[in-house]
Amino acid sequence: MGDPWLSAYDAALRVARKAGAVIRDAGEKEIKVCTKSSTVDLVTKTDERVEKIIIGALREQFPDHCFIGEESVAKGEPCNLTDKPTWIIDPVDGTTNFVHGFPFVAVSIAFAVNKELEFGVVYSCLENKMYRGRNGKGAFCDDEKIEVSDVKDIHKSIIISEHGTDRSCEKVEKIFSTMKKILCIPVHGLRGSGTAATNMCLVACGAVEAFFEIGIHCWDIAAGAVIVKEAGGVLLDVNGGPFDLMSRRMVSANNMVIAERIIKEIEIFPADRDDAPIKKITKFCKK
Ligand SMILES: Nc1ncnc2c1ncn2[C@@H]1O[C@H](CO)[C@@H](O)[C@H]1OP(=O)(O)O
Ligand SMILES: [Mg+2]
């Protein structure tokens, strides 16, 4: 048999580039901002429009496939990963960055079959960098093959984490307590681009040693997970167990030594799974 998912992969690359161009254009104009799960969980017309463009194009070519998209789920569509060919899409990863003109915004498109991720595409559209990875076929940034860093000494590492959009003080305290402990190991630095998809690509190309977060969603990390794995990295749960795409928690790292060292410091807090019963999120827009 030939390559069954090559046309899907090509379609993902094409539509990611198109979506990125729409985001770039929209960023030049006035952006109307609404909020979702909290007053700092932002959404714009561009998020919704770009998701429609991506899903519309892919559905036309692959009418039998399933789709999980950030904005569709926010509107109450299910977020269940089945064995069917399924696209997992974040149209604008880093919406807060997009709204503020902070220059890291990514289109994230992943594809899974039998619950296994087959490929992932992350288009960092303001930098114009196309990251991509296919199961068993390596990871690339544009035409260059990428690999994770070979650092094993945590003291020589840069670690990324983010604080997300849930600002309950208890969670924020745990997040900053973890960050403080990691900083005091000490590591060379702590960073965060504001987009989980881009953060994972930074692990994949060796710019940082690890990225971890609790609270992220499957659409933030599905494409990045393939890219990290194909670049030679590892994915784990924050408790050291196996990575679970729907669990809303993840450690991605260049190797197990770094991953396990970070895991020792992570203060875990609960996050509802992505595949928990549906909750439609009410959107608020200022008149
Ligand atoms: N509640 C949450 N907690 C943590 N991260 C979240 C989150 N909701 C979204 N994210 C994602 O995590 C990164 C920043 O923490 C972004 O990729 C952001 O994606 P978004 O821009 O698509 O919402
Ligand atoms: Mg996102």
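Sequence positions are assigned chain by chain, starting from 1 and proceeding in written order. Chains and ligands are labelled by the order in which they are written, letters from A for the one and numbers from 1 for the other. At least 70 in pLDDT is required for a residue's local features to be given in this predicted model, at least 80 for side-chain atom pairs to be given and counted, and no such filter applies to totals for whole chains, interfaces and linings, which use all residues.

As annotated in an unreviewed UniProt entry, the protein chain carries the name Inositol-1-monophosphatase and is attributed to Labrus bergylta. UniProt positions are given in the numbering used here, feature names are shortened, and annotations may be inferred rather than shown by experiment. Annotation of the protein chain in UniProt includes, under Subunit (unreviewed entry), the sentence "Homodimer." Within the UniProt record for the protein chain, the comment given under Pathway (unreviewed entry) is "Polyol metabolism; myo-inositol biosynthesis; myo-inositol from D-glucose 6-phosphate: step 2/2."

(A) Molecular detail of the UniProt feature "binding site: Mg(2+) 2" (unreviewed entry) in the protein chain. Taken from the UniProt record, the annotation "binding site: Mg(2+) 2" (unreviewed entry) applies to Asp-90, Asp-93 and Asp-220. Across 131 residues, the annotated set stays spatially compact, with a maximum C-alpha separation of 6.6 Å. Numbering of helices and strands runs from the N terminus; a helix is a DSSP stretch of H or I covering at least four residues, while a strand is a stretch of E covering at least two. Tracing the backbone shows Asp-93 in strand S4 (residues 86–93). Accessibility expressed as a C-beta count within 10 Å gives 33 for Asp-93, which makes it buried. Two residues form a contact once the distance between their C-beta atoms, set from the backbone, is within 7 Å. In contact with Asp-93, other than residues within four places in its own chain, are Ala-106, Ser-108, Thr-195, Ala-196, Ala-197 and Asp-220. Three exposure classes are used, based on other C-beta atoms lying within 10 Å of a residue's own C-beta, which is placed from the backbone: buried for 20 or more, exposed for 12 or fewer, and partly exposed in between.

(B) Seen up close, the nonpolar core. Here a nonpolar core is just a set of buried residues of the types Ala, Val, Leu, Ile, Met, Phe, Trp, Tyr and Cys, joined wherever their C-beta atoms sit within 7 Å. Grouped together as the largest cluster of nonpolar side chains are 83 residues, with contacts concentrated most on Met-200, Ala-204, Ala-210, Ile-227 and Ile-262. Broken down by element, this core gets its largest block of residues, 9 residues, from helix H7 (residues 218–230). An automatic or database domain assignment provides the domain bounds reported here. Mapped onto the domain boundaries, this core takes at least three residues apiece from domain 1 (6–145) and domain 2 (154–263). Leaving out residues up to four positions away in the same chain, Met-200 has contacts with Phe-211, Ile-221, Gly-224, Ala-225, Ile-227, Val-228 and Ser-252.

(C) Quick look at the pairing of strand S12 (residues 210–214). Of all 5 residues in S12, 5 are buried; the element is thus mostly enclosed. A pair of strands counts as paired when DSSP detects no fewer than two bridges linking them. As defined by bridge partners, S12 adjoins strand S14 (residues 249–253) across 5 bridges and the pair is classed as antiparallel. Across the sheet, the residue bridging to Phe-212 is Val-251, located in S14.

(D) Representation of the packing of helix H6 (residues 196–204) against H7 in the model. Note on method: axes are straight lines fitted to C-alpha atoms, helices fitted across the in-contact stretch only, with angles between N-to-C directions ranging 0 to 180 degrees. For the pair H6 and H7, the least separation of the axes is 8 Å and the interaxial angle reads 10°. Classed by the angle they form, the pair H6 and H7 counts as roughly parallel. Of the residues in H7, those in contact with Ala-196, Ala-197, Met-200, Cys-201, Val-203 and Ala-204 of H6 are Asp-220, Ile-221, Ala-223, Gly-224, Ala-225, Ile-227 and Val-228. Side-chain classes follow a simple rule in which Ala, Val, Leu, Ile, Met, Phe, Trp, Tyr, Cys and Pro form the nonpolar group, Asp, Glu, Lys and Arg form the charged group, and the remainder, Gly included, forms the polar group. Considered class by class, the residues forming the contact of H6 with H7 number 11 nonpolar, 1 polar and 1 charged. Note that the term roughly parallel is reserved for angles under 35 degrees, roughly antiparallel for angles over 145, roughly perpendicular for angles of 65 to 115, and oblique for everything else.

(E) Structural detail: the sheet that holds strand S2 (residues 42–44). Strand order across the open sheet formed by 3 strands is S2-S1-S15, with antiparallel pairing between neighbours. Among the strands making up the open sheet, the edge pair consists of S2 and strand S15 (284–285). Across 3 bridges, strand S1 (residues 33–35) lies against S2 in antiparallel orientation. Of the residues in S2, the one forming a bridge with Thr-35 is Leu-42.

(F) Seen up close, the UniProt feature "binding site: Mg(2+) 1" (unreviewed entry) in the protein chain. UniProt's entry tags Glu-70 with the feature "binding site: Mg(2+) 1" (unreviewed entry), counted in the numbering of this structure. With respect to the helices, strands and loops of the structure, Glu-70 is situated in helix H3 (residues 70–74). Given 24 C-beta atoms within a 10 Å radius, Glu-70 is considered buried. Not counting chain neighbours up to four residues away, the residues in contact with Glu-70 comprise Glu-51, Ile-89, Asp-90, Pro-91, His-217 and Trp-219.

(G) Summary view of the environment of Asn-114. Checked against the element boundaries, Asn-114 lands in the loop between strand S5 (106–113) and strand S6 (116–124). For the pair Asn-114 and Ile-158, spaced 44 residues apart in sequence, the C-alpha to C-alpha distance is 34 Å.

(H) Molecular detail of helix H1 (residues 6–27). Multiplying 1.5 Å by the residue count of a helix minus one yields the expected span of that helix. Here H1 is 22 residues long and its end C-alpha atoms lie 32 Å apart, about the 32 Å a rise of 1.5 Å per residue gives. Burial in H1 covers these residues: Ala-8, Ala-11, Ala-12, Val-15, Ala-16, Ala-19, Gly-20 and Ile-23. The secondary structure elements touched by the buried residues of H1 are helix H2 (45–61), S4, helix H4 (95–100), S5 and S6.

(I) A look at the domain arrangement of the protein chain. Splitting the protein chain by domain gives domain 1 (6–145) and domain 2 (154–263). A C-alpha centroid distance of 20 Å is found between domain 1 and domain 2. Facing the 37 residues of domain 1 at the interface are 26 residues of domain 2. Mapped onto the side of domain 1 that touches domain 2, the elements with two or more residues apiece are strand S3 (66–69), S4, H4, S5, S6, strand S7 (129–134) and strand S8 (139–141).

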